[in-house]
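Structural features, examined
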Amino acid sequence: MSTTERPDFLDTPLCVGPLTLGSRLIVGTGKYRDLDESADCLRLSGADMVTVAIRRVSPAAVGERSLWDVIPPEMHILPNTAGCYTVDDCIRTAHLARELLGDERGRLIKVEVIGDEKTLFPDVAATIEATRRLALEGFICMPYITDDPVSCLRLLDAGASAVMPLAAPIGSGLGIRNPYNLAIILEQVRARSTVPVIVDAGVGTASDAARAMEMGVDGVLMNTAIAGAKDARRMAVAMRDAVRAGRDAYLAGRIPMKLYATASSPIEGLIGS
Amino acid sequence: MRLPLVKGAFGEGGEGIVKMRINGEEVLFNPPPGSLADLLSALAVPQARIAVERNGRIIPRAERESCPVAEGDAIEIVTLVGGG
C-alpha cells in the first residue's frame, strides 16, 4: 500500500435545496492576485460551489479573459449580494444574478445585507426579510448571518435553504469566535430542520476549518483565508484537507475529554520486580 | 468608467446626439442607437455575459433587440466578478 493511499469512508453529500455537493468546502473568487491563481485555487480546493459578486462591467476588461473563463462548467456558481445595505438592493442584485445565469442556474443566491461598514456584520432584520421575499420568488437562499441562534431559526421560518453563521468578521482570520453559539445553532437548527449549517466568514487557517467540521457543521465557506495566504495554492490544498479531516473526525466519533489519565498500555503482564 | 463618444456606428448620421447615463457616467451617442442591442454593440460589450437594467428595470436578453433606448436613459450593465 503506497503512503498516499487513503481509505475512502462513506459520507452523505452536502444537500442545499435541490443541489447535491460532494465537497463540503465552498470557496470565493475574490482578492486573488490574478486569474491563473483563481483558476488553480478553485481546482485545488476541490470545491463544487464557488461564490461570485455582481458588479458593473469595466470597459478595460472588455475582450479580455475573465472570471467566466476560469470557473469550471461543472461548478455551481453562488452569486452573492455583497455590498448591499438594504432589502431592495439585495433583491435587485438577486434578480440581476438570475438574469445573468438564467432561470435554472440563476436560482441560487447568497443573501448578504450588511449592517455596518467596519464589521461587515449582517443587518439581521433585513437579511431575514430579504430571504423571505426571495424564497417566495423561488430562489434557493443561502443567507450569511450572525452566529445568533434566534436569527438562524428565523431564517428557517423565512424559507432559507441553508443558514450560514459567521465564524468571525469577513476577512478577519480570527476563526470561530463563539463555538458555544455555533454548537447551539447546530442543535436548534437540527431539531427543526434538515437545512445545512455552513460556517461562512472569518476562517483564518486550516485548523479553523477543521474545528468547524469537527463540531458537526455541514460545510465551510471561505475566501480571504485562501486568496490572502502567501501561497494561496498551498492553502487551497490545506483547506481541502482540513475540511475532509474535520469531517472524518466528526463522523469517526472522538474520545471524550477527561480530567485524568487512562493508560494506553496494559496494566497486566508488567515485568515483576 | 470612461466610455468614448460613440460616433457613426449605425450608418448615416444626422439625427443628432443623444445623451444617456451608462453605469453612472454620461455617454454621448451619435447617431442615437435604435435599440438596447444596438447600444450594447456600440459599447462592444460581450452580450452573453452581462445583465442590463434600463431605468431600473431589468431588460431580459430576449428583449434587447426590441427594447428602445432614449435620451436621458439610465443604463446599468453588470457581470460576474470575483467575490466571497
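Conventions we followed
Residues numbered from 1 in each chain as written. Chains lettered and ligands numbered in written order. Predicted model: local features only at pLDDT ≥ 70, side-chain atom pairs only at ≥ 80, totals over all residues. Heavy atoms only, no water. Helix = DSSP H or I, 4+ residues; strand = E, 2+ residues; numbered from the N terminus. Buried < 20%, exposed > 50% of the residue type's maximum accessible area, 1.4 Å probe, protein only. Contact = heavy atoms within 4.5 Å. Areas by Shrake-Rupley, 256 points an atom, 1.4 Å probe, with all protein chains shown as cover. Rg over C-alpha atoms; globule rule 2.2 N^0.38 Å. Core = buried A, V, L, I, M, F, W, Y, C linked by side-chain atoms within 4.5 Å. Pairing = 2+ DSSP bridges. Right-handed = clockwise from strand over helix to strand, strands pointing away. Salt bridge = Lys/Arg side-chain N within 4 Å of Asp/Glu carboxyl O. Polar contact = N/O pair within 3.5 Å; in protein donor to acceptor, adjacent residues only side chain to side chain. Nonpolar A, V, L, I, M, F, W, Y, C, P; charged D, E, K, R; others polar.

Right, let's talk about the overall build of chain B for a bit. Each helix and strand in chain B was counted, giving 1 helix and 6 strands. The order of α-helices and β-strands along chain B, N terminus first, is β-β-β-α-β-β-β. The 84 residues of chain B split such that 40% are buried. Contacts in chain B between residues at least 24 apart in sequence constitute 41% of all its contacts with a sequence separation of at least 6. As presented, chain B carries roughly 4,100 Å² of accessible surface, and 51% of it is formed by carbon and sulfur atoms.

Right, let's get into the overall build of chain A. Looking only at helices and strands, chain A has 9 helices and 11 strands in total. Against the globule reference of 19 Å for 273 residues, chain A gives a C-alpha radius of gyration of 20 Å, in line with a compact fold. With the C-alpha coordinates of chain A rotated into their principal frame, the extents come out at 85 × 40 × 35 Å. Nonlocal contacts in chain A, meaning residues at least 24 apart in sequence, comprise 67% of its contacts between residues at least 6 apart.

Residue and element names in this part refer to chain A. Formed by 73 residues in total, the largest nonpolar core has its most connected members in L134, M222, I226 and M239. No other element matches helix α3 (residues 87-105), which puts 8 residues into this core. In contact with L134, not counting residues within four places along its chain, are C90, I91, A94, I109, V111, F139 and C141.

Omega for the peptide link from B:N30 to B:P31 comes to 0°, which places this bond in the cis form. Position of B:P31 among the secondary structure elements: in the loop between β3 (25-30) and α1 (36-42). Positive phi is not limited to glycine here, since A:L120 has a value of about 55°. For A:L120, the position within the fold is in the loop between β6 (108-109) and α4 (124-136). Even without being glycine, B:N23 reaches a positive phi, approximately 50°.

All names here are of chain A. Neither face of strand β11 (residues 219-222) is exposed, since G219 and L221 on one face and V220 and M222 on the opposite face are all buried. Note: strand β3 (residues 25-28) against β11, 3 bridges, orientation parallel. Counted as the bridge partner of V27 is M222 from β11. You can see the chain leave strand β10 (residues 198-200), run along helix α7 (residues 206-214) and come back into β11, and the turn it takes is right-handed.

A separate point is the environment of A:L251. Residues and elements named next belong to chain A. Its place among the elements puts L251 in helix α9 (residues 232-252). With a relative accessible area of 42%, L251 lands in the partly exposed category. C-alpha of L251 to C-alpha of G46: the two residues are 205 residues apart in sequence and 20 Å apart in space. Residue contacts for L251: discarding those within four places in its chain leaves L10 and D11.

Residue and element names in this part refer to chain A. With respect to the helices and strands, V203 occurs in the loop between β10 and α7. For V203, a relative accessible area of 9% translates into the label buried. Counting along the chain gives 26 residues from V203 to R177, while the straight-line C-alpha distance between them is 9.8 Å. When residues no more than four places from it in sequence are discounted, the contact partners of V203 are G173, D208, A209, V220, M222, A225 and M239.

What follows deals with the pattern of salt bridges. Residues and elements named next belong to chain A. Under the defined criterion, the tally for this structure stands at 22 salt bridges over all chains. With a shortest N-O distance of 3.3 Å, D40 and R43 are connected by a salt bridge. Here D40 pairs with R43, and both are found in helix α1 (residues 35-45), just 3 residues apart, close to one helical turn. Classification of D40 by relative accessible area gives partly exposed; the value is 22%. One salt bridge connects E129 with R132, and the closest N-O pair in it is separated by 2.7 Å. Taken together, the residues span about one helical turn, with E129 and R132 both in helix α4 at a distance of 3 residues. Look at E129 and you get partly exposed, because its relative accessible area is 24%. Assessed through its relative accessible area of 36%, R132 is described here as partly exposed.

This part covers the interface of chain A and chain B. Between chain A and chain B, the residue contacts involve 27 residues of the former and 25 residues of the latter. On inspection of chain A and its partner chain B, the count reaches 3 salt bridges. The salt bridge partner of B:E76 is A:R56, with a shortest N-O separation of 2.7 Å. Applying the counting criterion to the chain A and chain B interface returns 15 residue pairs in polar contact (both at pLDDT 80 or more). If you list the elements that add at least two residues to the side of chain A that touches chain B, you get β4 (49-56), α2 (67-70) and α3 of chain A. Class assignment of the residues belonging to the side of chain A that touches chain B gives a composition of 12 nonpolar, 8 polar and 7 charged. Sheet topology places β4(A) next to strand β6 (residues 74-82) of chain B; 5 bridges connect them, and they run antiparallel. Counterpart to A:R56 in the pairing with β6(B) is B:V78.

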